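# Topology and contacts: notes
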Amino acid sequence: MHRAAVISLTTAVALGVAVFFTLYSLIPVTRADDPGLSSLFVGTMMAFVMAVQVFTPALVRRFSLRLVLTVSLALLAIGALVTGTAQTTVVLLVGAVLSGAGFGIVIVAGAQGIALLVPAQQLGRVLGIYGLVTMAATALGSPAGVQLALAYSTSVFGVCAFIVGVLAAGLSLRLPPGVGTSDPDPDPTMTPDAPEGGRVQRFVAGAPWLALALLLAVVVLFSHGLTSLPVLASSFGGAALVVFTVQLGNALGRGIGGELEARIEAPAALVVGSLSLAAGGVLGVLVSVAAAMLASGVLIGLGVGIVQTLTLHTTMRRMDPGRASVVWNLGVDGGLWVGGILWGLALASGTVGAGSIVVSVMALALGVAVALRLRRPA
């Protein structure tokens, strides 16, 4: 295993993740008087995150993991600077485009890079550590970045985020040259004479659809922990604290998922994760006290983190690293997008409780189904 390269890659991606998730919360918090602008910014940014992901494996094969990560982290840094210093809506949306495109490449190339640098027998555990570090950066960096903008100004945040992004890009230059360019299983969708329908079918060939359905469900519940659950907790002034507990639980869960898989194997670990997030999803809406909501946030975060690590490893066992990273990240980002819309509607209609219970039961059922599927002999 390229230990130094894995450390540099993980640190670089963690810094990029911290910058991105600060941007995700920055405009809604600093421009709360204009929710329409906040929705436009986040929607634009997420659209570009998802739009570029499918092309990332081809970029890595063409230009190498090191160059792709360096350029995309620099793009994210520039987008953060533009966003922080923007004075008009047009410039703000330019920042959203740059930040979204940069992060979309970073997050796919990062997971792909781990698979390229780590032997298969160590991949599950290292993916857990990678998830733990990157999500810990979110849990700590995102609140710190938002507080920096509130205490001083968004321009100060933009300059600081730019510096962090440049540092991350510098770290990515420590990766070995040429990694990813000799991928033995190139993306079949890049064949020039492949028909359009064939490209899609070949790109998703081997995808573990049941596991990806589980991933989508748990991320929708994760979105509840980051959006509607904090609203419910605002009655005791704990909205920000709930968000922190969800993010911290997710970081810990990513690391625990890798360890659980190594110790008790993936099927049993999936059941543990599914039970945790389902318990959290139900607890937070049935018991309206501060301690219960904080416990709910931790349980949701832990369960989602465990399932994320296990589904990523499962996907990488069945697909080449590039395509696996794409479909897995599309599942995560799709869940965040869908969840953001659904929980907003649930808040408006007063159905958060029922919705959380339904999604919790669905995630638990899918978790058990995937565990049973994994126990079947190949």
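Just so you know, these numbers come straight off a predicted model, no measurement behind them.

About the criteria used
Residues numbered from 1 in each chain as written. Predicted model: local features only at pLDDT ≥ 70, side-chain atom pairs only at ≥ 80, totals over all residues. Heavy atoms only, no water. Axes fitted to C-alpha atoms, helices over the stretch in contact; angles between N-to-C directions. Helix = DSSP H or I, 4+ residues; strand = E, 2+ residues; numbered from the N terminus. Parallel < 35°, antiparallel > 145°, perpendicular 65-115°, else oblique. Contact = heavy atoms within 4.5 Å. Nonpolar A, V, L, I, M, F, W, Y, C, P; charged D, E, K, R; others polar. Buried < 20%, exposed > 50% of the residue type's maximum accessible area, 1.4 Å probe, protein only. Phe/Tyr/Trp six-rings, centres within 6.5 Å; stacked < 30°, edge-to-face > 60°.

### Some details on the packing of helix H6 (residues 123-151) against helix H7 (residues 154-172)
- Between H6 and H7, the least distance of the axes is 6 Å, while the angle of their chain directions is 140°. The angle between H6 and H7 falls in the class oblique. Where H6 approaches H7, its residues Gly145, Leu148 and Ala149 are matched on the opposing element by Thr154, Val156, Phe157 and Cys160.
- Tallied by class, residues from the contact of H6 with H7 come to five nonpolar, two polar and no charged.

### With respect to unusual backbone geometry
- Even without a glycine there, the phi angle at Ser64 is positive, about 90°.
- Given a relative accessible area of 8%, Ser64 falls into the buried group.
- One non-glycine residue, Glu265, lies in the positive phi region at around 75°.
- With respect to the helices, strands and loops of the structure, Glu265 is situated in the loop between helix H11 (239-264) and helix H12 (266-286).

### Here's the deal with the packing of aromatic side chains
- Using the criterion set out here, one finds three aromatic pairs in the structure.
- Pairing Phe20 with Phe21 gives two aromatic rings, centres 5.3 Å apart and planes at 85°, and the pair type is edge-to-face. Taken as a pair, Phe20 and Phe21 share a single burial class, namely buried.
- Ring plane angle 85° and centroid distance 6.2 Å describe the contact between Phe21 and Phe103, whose orientation is recorded as edge-to-face. Linking Phe21 in helix H1 (residues 3-30) with Phe103 in helix H5 (residues 89-117), this pair joins segments that are 82 residues apart in sequence.

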